[in-house]
Amino acid sequence: MIERLNAQINQLILDKEYPFHPRFRIEKKELLDIAFSNYKIRSIAELGCVWGIDCSYGIYALEKFKLQNVKMVDTHWTETALDRVSKYPEIEVFKGDFSDSGMVKNIGQIDAVLLFDVLLHQVAPDWTRVLEMYAQYTDYFIIFNQDWIKSNITTRLLDLGREEYFTNVPHNPNEPPYNTLFDHLYEKHPIHNKIWRDVHHVWQWGIVSDDLISLMKKLGFRLEYFFNHGELSYLTSFEEHSYIFKKIK
Ligand SMILES: C[S@@+](CC[C@H](N)C(=O)[O-])C[C@H]1O[C@@H](n2cnc3c(N)ncnc32)[C@H](O)[C@@H]1O
């Protein structure tokens, strides 16, 4: 209770100090502050930067830490996001799927990759392959993820079945696209070259934190920083975690 109150007070202070966006989260700001003040990171790729936040995290980091190059990637760009980033010559816009191998090559070498609230959405290729693809192009991964705490097995949420799925994910079964999701799981999505079961607009994975850390170790990265922000009131099967991984050279 006291923790929640503190978080709300911090959020109010944050809104006053950093009026970037009403949904700008202090937990993510703190992660960015720690990453950019402790490590020599001048270029980044922010993967999945638009929905509900219009590129605010990358812009915050760019302005505060004077980054040289920020590559912003998303499939669903908004006018607001495009307008905001157009004011910064350091920002390059990439429209498309960041898990596409062509896109990874196009983005090229960067100091750090930012993945905020996106890892659990990646299916085809899945989140492990996405991390593997970017591992050769970067020295740091800065990750904020909702990690699964309901079991110690990384779980494909749709495999839980409709009822269990909606018991665990923070979405109403009546809201689009969730309202029809289970009706056409194996049909091709009209925009993406994937079946509905594999698209990134919906909650896909319950990733266990230990699995993420051990994968990063296999990929040659050391966990430099970890913070457990705990559960959210509306999300009790997950905990929010911040991570910084650094390549071992
Ligand atoms: C849940 S929002 C998170 C937004 C922001 N990173 C944040 O922390 O608030 C996920 C965003 O990532 C984008 N996204 C997810 N997977 C993607 C992919 N494979 N390729 C491109 N964009 C993706 C979505 O379109 C959406 O804009």
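A brief look at the structure comes next. Every value quoted in this text rests on a predicted model; they were computed, and no experiment measured them.

### Description of the overall build of the chain
Across its full length, the chain holds 9 helices and 9 strands. In terms of C-alpha radius of gyration, the chain reaches 18 Å, essentially the compact-globule figure of 18 Å for 249 residues. Each of the three principal axes of the chain carries a C-alpha extent, and together these read 45 × 45 × 40 Å. Taking all 249 residues of the chain together, the buried fraction comes to 33%. Look at the contacts in the chain between residues 6 or more apart in sequence, and 67% of them connect residues 24 or more apart.

### Overview of the environment of F65
Residue placement: F65 occurs in helix α3 (residues 56–65). For the pair F65 and I41, spaced 24 residues apart in the sequence, the C-alpha separation amounts to 9.1 Å.

### What about the site of the ligand?
Around the ligand lies a shell of 19 residues, among which G48, W51, F116, D117 and H200 are the nearest. Here the shell around the ligand is built from residues that sort into 8 nonpolar, 8 polar and 3 charged.

### With respect to the pairing of strand β9 (residues 235–247)
In the sheet, strand β5 (residues 140–148) pairs with β9 via 9 bridges, with the strands oriented antiparallel. Pairing of Q146 across the sheet is with E240, part of β9. As paired strands, strand β8 (residues 221–232) and β9 are joined by 9 bridges and run antiparallel to one another. The partner of L223 across the bridge, within β9, is F245.

### Describing the environment of M72
Here M72 lies in strand β2 (residues 69–74). M72 gets classed as buried once you count the C-beta atoms within 10 Å, which come to 28. In this structure, the C-alpha to C-alpha distance between M72 and F24, residues 48 residues apart in sequence, is 17 Å. Here M72 is in contact with E46, C49, C55, G58, V85, I91, V93 and F94, once residues within four sequence places are set aside.

### Brief notes about the packing of helix α2 (residues 26–38) against α3
Here α2 crosses α3 at 40 degrees, and the two axes come no closer than 11 Å. With respect to α3, the element α2 is oriented oblique. α3 is crossed by α2, and the crossing has right-handed handedness. On α3, the residues that touch K28, K29, L32 and F36 of α2 are Y57, Y60, A61 and F65. When grouped by side-chain class, the residues that make up the contact of α2 with α3 number 6 nonpolar, no polar and 2 charged.

### A look at helix α6 (residues 127–135)
The set of residues buried in α6 consists of W127, V130, L131 and Y134. Viewed end-on, α6 has its buried residues packed into an arc of 95 degrees, placing them on one side of the element.

### As for the pairing of strand β4 (residues 112–116)
Across the 5 residues that make up β4, a large majority, 5, are buried. Neither face of β4 is left uncovered, since the one carrying A112, L114 and F116 and the one carrying V113 and L115 both have all their residues buried. By the bridge criterion, 5 bridges tie β4 to β5 in an arrangement that is parallel. Paired with L115 across the strands is I143, a residue of β5.

### Here's the deal with the nonpolar core
I44, A112, V113, L114, L115, F141 and I142 are the most contacted members of the largest nonpolar core, which has 55 residues in total. Here this core gets 6 residues from one element, more than from any other, and that element is β5. Contact partners of A112, with chain neighbours within four places excluded, come to A35, I41, I44, T138, D139, Y140 and I142.

### Side note on the sheet that holds strand β1 (residues 43–47)
Whenever strands of a sheet pair, they do so through backbone hydrogen bonds, lying parallel or antiparallel. What the 7 strands build is an open sheet, ordered β3-β2-β1-β4-β5-β9-β8; its pairing is mixed. The open sheet is flanked by β3 (91–95) and β8, the only strands paired with a single partner. For this sheet, the mean angle separating the axes of adjacent strands, direction not counted, is 20 degrees.

Calculation notes
Residues numbered from 1 in each chain as written. Predicted model: local features only at pLDDT ≥ 70, side-chain atom pairs only at ≥ 80, totals over all residues. Helix = DSSP H or I, 4+ residues; strand = E, 2+ residues; numbered from the N terminus. Rg over C-alpha atoms; globule rule 2.2 N^0.38 Å. Buried ≥ 20, exposed ≤ 12 C-beta atoms within 10 Å, placed from the backbone. Contact = placed C-beta atoms within 7 Å. Near = placed C-beta within 6 Å. Nonpolar A, V, L, I, M, F, W, Y, C, P; charged D, E, K, R; others polar. Pairing = 2+ DSSP bridges. Axes fitted to C-alpha atoms, helices over the stretch in contact; angles between N-to-C directions. Parallel < 35°, antiparallel > 145°, perpendicular 65-115°, else oblique. Left-handed = near helix turned anticlockwise from the far one by under 90°. Arc of directions from axis to C-beta. Core = buried A, V, L, I, M, F, W, Y, C linked by C-beta atoms within 7 Å.

These figures come from the coordinates and say nothing about function on their own.
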